[in-house]
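So you can see what is in the structure, the chains are spelled out below.
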Amino acid sequence: MLNIQNYRKVESIEEAYELNQKKANRIVGGMMWMRMGDNRINTAIDMSGLGLDKIEESDEEFKIGCMTSLRQLENHKGFNEYTNGCAKEALRHIVGVQFRNLATVGGSIYGISDVLTLLIGLDSYVELHRGGIVSLKDYAAQSYDRDIIVNIIVKKKPVKMFYEAVRITETDLPVLTCAAVSFSGLGEYNLCIGARPGRAVVVEDKEGILKGGVNDETIESFARYVRENVSTESNMRGSAEYRSHLAEELTKRALRAVNN
(Lines give C-alpha, C1' and ligand atoms only; values in the text may rest on other atoms or scores of the structure.)
Protein backbone atom coordinates (compact mmCIF):
# COMPACT_ATOMS: atom_id res chain seq x y z
CA MET A 1 0.00 0.00 0.00
CA LEU A 2 1.19 3.50 -0.84
CA ASN A 3 1.02 5.79 2.19
CA ILE A 4 1.61 9.54 1.69
CA GLN A 5 1.73 11.77 4.76
CA ASN A 6 2.09 15.17 3.06
CA TYR A 7 1.74 16.63 -0.44
CA ARG A 8 3.61 19.63 -1.85
CA LYS A 9 3.14 21.15 -5.30
CA VAL A 10 6.41 23.01 -5.71
CA GLU A 11 6.92 26.37 -7.39
CA SER A 12 10.54 25.86 -8.48
CA ILE A 13 13.10 23.16 -9.22
CA GLU A 14 15.19 24.39 -6.31
CA GLU A 15 12.28 23.88 -3.92
CA ALA A 16 11.82 20.35 -5.26
CA TYR A 17 15.55 19.68 -4.89
CA GLU A 18 15.67 20.84 -1.27
CA LEU A 19 12.66 18.70 -0.34
CA ASN A 20 14.08 15.70 -2.17
CA GLN A 21 17.22 15.64 -0.03
CA LYS A 22 15.25 13.91 2.71
CA LYS A 23 15.11 10.18 2.03
CA ALA A 24 11.56 9.93 3.32
CA ASN A 25 10.37 12.37 0.64
CA ARG A 26 9.79 11.39 -2.97
CA ILE A 27 9.26 13.14 -6.28
CA VAL A 28 6.10 11.85 -7.91
CA GLY A 29 5.41 11.90 -11.62
CA GLY A 30 2.60 9.81 -13.01
CA MET A 31 2.92 7.46 -9.99
CA MET A 32 2.10 4.50 -12.21
CA TRP A 33 4.72 2.17 -10.72
CA MET A 34 5.13 3.83 -7.33
CA ARG A 35 1.53 3.28 -6.32
CA MET A 36 1.86 -0.47 -6.92
CA GLY A 37 4.55 -0.86 -4.28
CA ASP A 38 4.54 -0.88 -0.50
CA ASN A 39 5.86 2.64 0.04
CA ARG A 40 5.59 5.10 2.91
CA ILE A 41 6.29 8.67 1.77
CA ASN A 42 6.59 11.59 4.13
CA THR A 43 6.18 14.32 1.48
CA ALA A 44 5.14 13.69 -2.11
CA ILE A 45 6.79 16.32 -4.32
CA ASP A 46 4.69 17.35 -7.32
CA MET A 47 6.53 19.18 -10.15
CA SER A 48 3.58 19.26 -12.55
CA GLY A 49 3.29 23.06 -12.35
CA LEU A 50 6.82 23.81 -13.59
CA GLY A 51 6.18 23.55 -17.33
CA LEU A 52 8.44 20.53 -17.76
CA ASP A 53 5.87 18.54 -19.75
CA LYS A 54 6.95 19.65 -23.23
CA ILE A 55 9.11 18.41 -26.09
CA GLU A 56 11.08 21.20 -27.72
CA GLU A 57 12.66 20.54 -31.12
CA SER A 58 15.34 22.69 -32.72
CA ASP A 59 17.77 22.14 -35.58
CA GLU A 60 20.34 20.78 -33.12
CA GLU A 61 18.39 18.73 -30.57
CA PHE A 62 15.23 17.47 -28.91
CA LYS A 63 14.72 18.67 -25.33
CA ILE A 64 12.28 16.42 -23.50
CA GLY A 65 10.98 17.72 -20.16
CA CYS A 66 11.06 15.29 -17.27
CA MET A 67 7.27 15.51 -16.82
CA THR A 68 6.56 14.72 -20.48
CA SER A 69 4.26 11.70 -20.72
CA LEU A 70 5.24 8.57 -22.59
CA ARG A 71 2.21 9.10 -24.81
CA GLN A 72 3.49 12.54 -25.85
CA LEU A 73 6.84 11.06 -26.82
CA GLU A 74 5.18 8.15 -28.58
CA ASN A 75 3.12 10.52 -30.75
CA HIS A 76 5.73 13.21 -31.41
CA LYS A 77 6.04 13.39 -35.18
CA GLY A 78 9.54 14.86 -35.25
CA PHE A 79 11.02 12.39 -32.79
CA ASN A 80 9.41 9.44 -34.56
CA GLU A 81 10.80 10.58 -37.89
CA TYR A 82 14.23 11.03 -36.36
CA THR A 83 14.21 7.53 -34.80
CA ASN A 84 12.80 5.80 -37.90
CA GLY A 85 9.57 5.04 -36.03
CA CYS A 86 11.40 3.37 -33.13
CA ALA A 87 9.94 5.73 -30.53
CA LYS A 88 6.41 4.58 -31.27
CA GLU A 89 7.50 0.94 -31.53
CA ALA A 90 9.32 1.05 -28.19
CA LEU A 91 6.54 2.81 -26.28
CA ARG A 92 3.29 1.48 -27.73
CA HIS A 93 3.53 -1.83 -25.87
CA ILE A 94 3.92 -0.32 -22.39
CA VAL A 95 0.74 -1.45 -20.58
CA GLY A 96 -1.90 0.72 -22.31
CA VAL A 97 -2.76 4.21 -23.54
CA GLN A 98 -4.16 5.35 -20.18
CA PHE A 99 -0.94 4.27 -18.47
CA ARG A 100 1.24 6.06 -21.04
CA ASN A 101 -0.85 9.22 -20.71
CA LEU A 102 0.30 9.46 -17.08
CA ALA A 103 3.74 7.82 -16.88
CA THR A 104 6.53 10.38 -17.32
CA VAL A 105 9.76 10.17 -19.28
CA GLY A 106 11.81 11.34 -16.30
CA GLY A 107 10.45 8.67 -14.02
CA SER A 108 10.71 6.02 -16.71
CA ILE A 109 14.46 6.53 -17.06
CA TYR A 110 14.69 4.82 -13.68
CA GLY A 111 12.47 1.83 -14.19
CA ILE A 112 11.03 1.15 -17.65
CA SER A 113 13.49 -0.79 -19.82
CA ASP A 114 11.85 0.16 -23.12
CA VAL A 115 12.38 3.88 -22.54
CA LEU A 116 16.01 3.66 -21.46
CA THR A 117 16.87 1.21 -24.25
CA LEU A 118 15.31 3.57 -26.80
CA LEU A 119 17.24 6.63 -25.62
CA ILE A 120 20.59 5.39 -24.37
CA GLY A 121 22.05 4.51 -27.77
CA LEU A 122 21.37 7.93 -29.24
CA ASP A 123 23.54 10.96 -28.51
CA SER A 124 21.50 11.50 -25.33
CA TYR A 125 22.08 13.45 -22.14
CA VAL A 126 20.28 14.20 -18.89
CA GLU A 127 20.18 17.72 -17.52
CA LEU A 128 20.39 17.54 -13.74
CA HIS A 129 19.46 20.45 -11.50
CA ARG A 130 22.77 20.45 -9.62
CA GLY A 131 24.88 18.00 -11.59
CA GLY A 132 24.61 19.74 -14.93
CA ILE A 133 24.49 17.87 -18.22
CA VAL A 134 25.86 14.31 -18.29
CA SER A 135 25.55 11.59 -20.90
CA LEU A 136 22.62 9.25 -20.40
CA LYS A 137 24.99 6.30 -20.74
CA ASP A 138 27.09 7.53 -17.80
CA TYR A 139 24.02 8.45 -15.78
CA ALA A 140 22.47 5.00 -16.20
CA ALA A 141 25.71 3.33 -15.10
CA GLN A 142 25.96 5.15 -11.78
CA SER A 143 24.04 4.86 -8.57
CA TYR A 144 21.17 7.32 -8.60
CA ASP A 145 21.44 10.13 -6.08
CA ARG A 146 19.01 12.79 -4.84
CA ASP A 147 19.54 15.17 -7.76
CA ILE A 148 16.62 15.91 -10.09
CA ILE A 149 16.35 15.23 -13.81
CA VAL A 150 15.10 18.41 -15.46
CA ASN A 151 15.34 17.46 -19.15
CA ILE A 152 16.49 14.65 -21.39
CA ILE A 153 18.40 16.01 -24.37
CA VAL A 154 18.88 14.12 -27.63
CA LYS A 155 21.39 15.68 -30.01
CA LYS A 156 20.49 15.41 -33.67
CA LYS A 157 22.93 13.41 -35.77
CA PRO A 158 22.08 11.52 -38.97
CA VAL A 159 21.10 8.08 -37.68
CA LYS A 160 19.47 4.86 -38.72
CA MET A 161 17.78 3.02 -35.86
CA PHE A 162 16.24 -0.34 -34.99
CA TYR A 163 14.24 -1.36 -31.92
CA GLU A 164 12.64 -4.63 -30.85
CA ALA A 165 11.46 -6.16 -27.58
CA VAL A 166 10.45 -9.70 -26.72
CA ARG A 167 7.40 -10.07 -24.48
CA ILE A 168 5.45 -13.05 -23.24
CA THR A 169 2.19 -11.14 -23.72
CA GLU A 170 1.47 -7.89 -25.57
CA THR A 171 1.41 -5.47 -22.63
CA ASP A 172 3.66 -7.36 -20.19
CA LEU A 173 7.08 -6.15 -19.12
CA PRO A 174 9.69 -7.23 -21.68
CA VAL A 175 11.86 -10.31 -21.39
CA LEU A 176 14.59 -8.46 -23.28
CA THR A 177 14.87 -5.22 -25.27
CA CYS A 178 17.32 -4.37 -28.02
CA ALA A 179 18.11 -1.22 -29.98
CA ALA A 180 20.78 -0.46 -32.56
CA VAL A 181 21.85 2.96 -33.75
CA SER A 182 24.03 3.54 -36.80
CA PHE A 183 25.51 7.03 -37.02
CA SER A 184 25.42 7.67 -40.76
CA GLY A 185 28.75 8.37 -42.42
CA LEU A 186 30.74 7.77 -39.23
CA GLY A 187 30.88 3.98 -39.25
CA GLU A 188 29.87 3.98 -35.57
CA TYR A 189 27.30 1.67 -33.99
CA ASN A 190 25.61 1.59 -30.61
CA LEU A 191 24.05 -1.74 -29.67
CA CYS A 192 21.83 -1.50 -26.59
CA ILE A 193 20.42 -4.33 -24.50
CA GLY A 194 17.83 -3.78 -21.77
CA ALA A 195 15.52 -5.75 -19.46
CA ARG A 196 18.45 -8.05 -18.65
CA PRO A 197 16.59 -7.54 -16.16
CA GLY A 198 19.02 -4.78 -15.12
CA ARG A 199 19.25 -1.30 -16.62
CA ALA A 200 19.89 -1.01 -20.33
CA VAL A 201 23.54 -0.91 -21.38
CA VAL A 202 25.41 0.08 -24.53
CA VAL A 203 27.66 -2.78 -25.62
CA GLU A 204 31.06 -1.44 -26.58
CA ASP A 205 32.92 -3.12 -29.43
CA LYS A 206 36.12 -3.38 -27.38
CA GLU A 207 37.60 -5.96 -29.74
CA GLY A 208 36.97 -3.86 -32.86
CA ILE A 209 34.90 -6.58 -34.49
CA LEU A 210 32.86 -4.14 -36.58
CA LYS A 211 35.70 -1.74 -37.40
CA GLY A 212 36.52 -3.45 -40.67
CA GLY A 213 32.92 -3.29 -41.90
CA VAL A 214 29.59 -4.89 -41.19
CA ASN A 215 28.90 -8.12 -43.04
CA ASP A 216 27.49 -11.54 -42.24
CA GLU A 217 30.74 -12.73 -40.68
CA THR A 218 31.29 -9.71 -38.42
CA ILE A 219 27.61 -9.63 -37.43
CA GLU A 220 27.78 -13.27 -36.30
CA SER A 221 31.02 -12.58 -34.44
CA PHE A 222 29.72 -9.46 -32.68
CA ALA A 223 26.46 -11.23 -31.75
CA ARG A 224 28.48 -13.95 -30.02
CA TYR A 225 30.48 -11.23 -28.29
CA VAL A 226 27.24 -9.68 -27.00
CA ARG A 227 26.03 -13.03 -25.70
CA GLU A 228 29.29 -13.65 -23.86
CA ASN A 229 29.74 -10.16 -22.42
CA VAL A 230 26.29 -8.82 -21.52
CA SER A 231 25.32 -10.03 -18.07
CA THR A 232 21.80 -11.41 -17.66
CA GLU A 233 19.78 -12.78 -14.77
CA SER A 234 16.76 -15.00 -14.31
CA ASN A 235 13.32 -13.97 -13.10
CA MET A 236 9.71 -14.99 -13.61
CA ARG A 237 9.78 -13.85 -17.26
CA GLY A 238 12.81 -15.81 -18.40
CA SER A 239 16.07 -17.46 -17.49
CA ALA A 240 19.48 -15.86 -17.83
CA GLU A 241 20.35 -18.40 -20.52
CA TYR A 242 17.25 -17.53 -22.54
CA ARG A 243 17.97 -13.82 -22.25
CA SER A 244 21.53 -14.34 -23.46
CA HIS A 245 20.21 -16.31 -26.43
CA LEU A 246 17.78 -13.49 -27.23
CA ALA A 247 20.55 -10.91 -26.93
CA GLU A 248 22.58 -12.76 -29.56
CA GLU A 249 19.69 -13.21 -31.98
CA LEU A 250 18.33 -9.67 -31.62
CA THR A 251 21.82 -8.27 -32.14
CA LYS A 252 22.02 -10.01 -35.51
CA ARG A 253 18.60 -8.70 -36.50
CA ALA A 254 19.41 -5.18 -35.33
CA LEU A 255 22.74 -4.87 -37.14
CA ARG A 256 21.29 -6.22 -40.37
CA ALA A 257 18.40 -3.77 -40.14
CA VAL A 258 20.54 -0.65 -39.69
CA ASN A 259 22.81 -1.68 -42.55
CA ASN A 260 20.15 -2.29 -45.19
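Brief notes about the packing of aromatic side chains
- Taken as a whole and assessed by the stated rule, the structure comprises four aromatic pairs.
- Relative to tyrosine 82, the ring of phenylalanine 62 has its centre 5.6 Å away and its plane inclined at 50°; by these criteria the two rings are tilted. In this pair, phenylalanine 62 is assigned in strand β5 (residues 61-65) and tyrosine 82 in helix α3 (residues 77-82), connecting sequence segments 20 residues apart. Comparing phenylalanine 62 with tyrosine 82 shows no difference in burial state: the two are buried.
- Judged by centre distance (5.8 Å) and plane angle (25°), the ring pair of phenylalanine 222 and tyrosine 225 falls under stacked. Of the two residues, phenylalanine 222 and tyrosine 225 both sit in helix α9 (residues 216-229), three residues apart, roughly one turn of that helix. Each member of the pair, phenylalanine 222 as well as tyrosine 225, carries the same accessibility label: buried.
- Aromatic ring contacts, followed pair by pair, group Phe62, Phe79 and Tyr82 into a single cluster.
- Sitting over the ring of phenylalanine 62, lysine 156 keeps its end group 4.8 Å from the ring centre.
- For the cation-ring pair, lysine 157 lies above phenylalanine 183, with the distance from its terminal atom to the ring centre recorded as 5.5 Å.

Side note on the nonpolar core
- Among the nonpolar cores identified, the biggest contains 52 residues, and Phe79, Ile109 and Leu119 are the most heavily contacted of them.
- Considering each element in turn, this core owes the most residues, five residues, to helix α7 (residues 113-120).
- If we ignore the near neighbours within four places in the chain, the residues touching phenylalanine 79 are Phe62, Leu73, Ala87, Leu118, Leu119, Leu122 and Val154.
- Membership of the second largest hydrophobic core comes to 22 residues, among which are Cys178, Ala180, Leu250 and Ala254.

As for the sheet that holds strand β2 (residues 26-28)
- With parallel pairing, the three strands of this open sheet are ordered in space as β1-β3-β2. Here the strands that pair on one side only, and so sit at the sheet edges, are β1 (3-9) and β2. Direction aside, the axes of adjacent strands within the sheet are offset by 35° on average.
- Where helix α1 (residues 13-20) meets the sheet, it contacts β1, β2 and β3 (40-46), and its direction lies at approximately 170° from that of β3.

Structural notes on the sheet that holds β5
- With antiparallel pairing, the five strands of this open sheet are ordered in space as β4-β5-β8-β6-β7. Every other strand in the sheet has two partners, leaving β4 (55-57) and β7 (132-135) as the edge strands with one partner each. Here the strands of the sheet are splayed against their neighbours by 20° on average, with no regard to which way each runs.
- Where β5 lies against strand β8 (residues 149-155), five bridges are found, and the strand directions are antiparallel. When the bridges of β8 are listed, lysine 63 appears paired with isoleucine 153.

Considerations on the pattern of salt bridges
- Under the defined criterion, the tally for this structure stands at 18 salt bridges.
- Note that glutamate 164 is salt-bridged to arginine 253, the shortest N-O span being 2.6 Å. Of this pair, glutamate 164 sits in strand β9 (residues 159-166) while arginine 253 sits in helix α10 (residues 240-258), and the two are 89 residues apart along the sequence.
- Note on glutamate 164: relative accessible area 21%, which makes it partly exposed.
- Because the salt bridges share partners, they merge into one network encompassing Glu220, Glu249, Lys252 and Arg256.

Thresholds applied
Residues numbered from 1 in each chain as written. Predicted model: local features only at pLDDT ≥ 70, side-chain atom pairs only at ≥ 80, totals over all residues. Heavy atoms only, no water. Phe/Tyr/Trp six-rings, centres within 6.5 Å; stacked < 30°, edge-to-face > 60°. Helix = DSSP H or I, 4+ residues; strand = E, 2+ residues; numbered from the N terminus. Buried < 20%, exposed > 50% of the residue type's maximum accessible area, 1.4 Å probe, protein only. Lys NZ or Arg CZ within 6 Å of the ring centre and 35° of its normal. Core = buried A, V, L, I, M, F, W, Y, C linked by side-chain atoms within 4.5 Å. Contact = heavy atoms within 4.5 Å. Pairing = 2+ DSSP bridges. Axes fitted to C-alpha atoms, helices over the stretch in contact; angles between N-to-C directions. Salt bridge = Lys/Arg side-chain N within 4 Å of Asp/Glu carboxyl O.

Treat this as a map of the structure, not an account of what it does.
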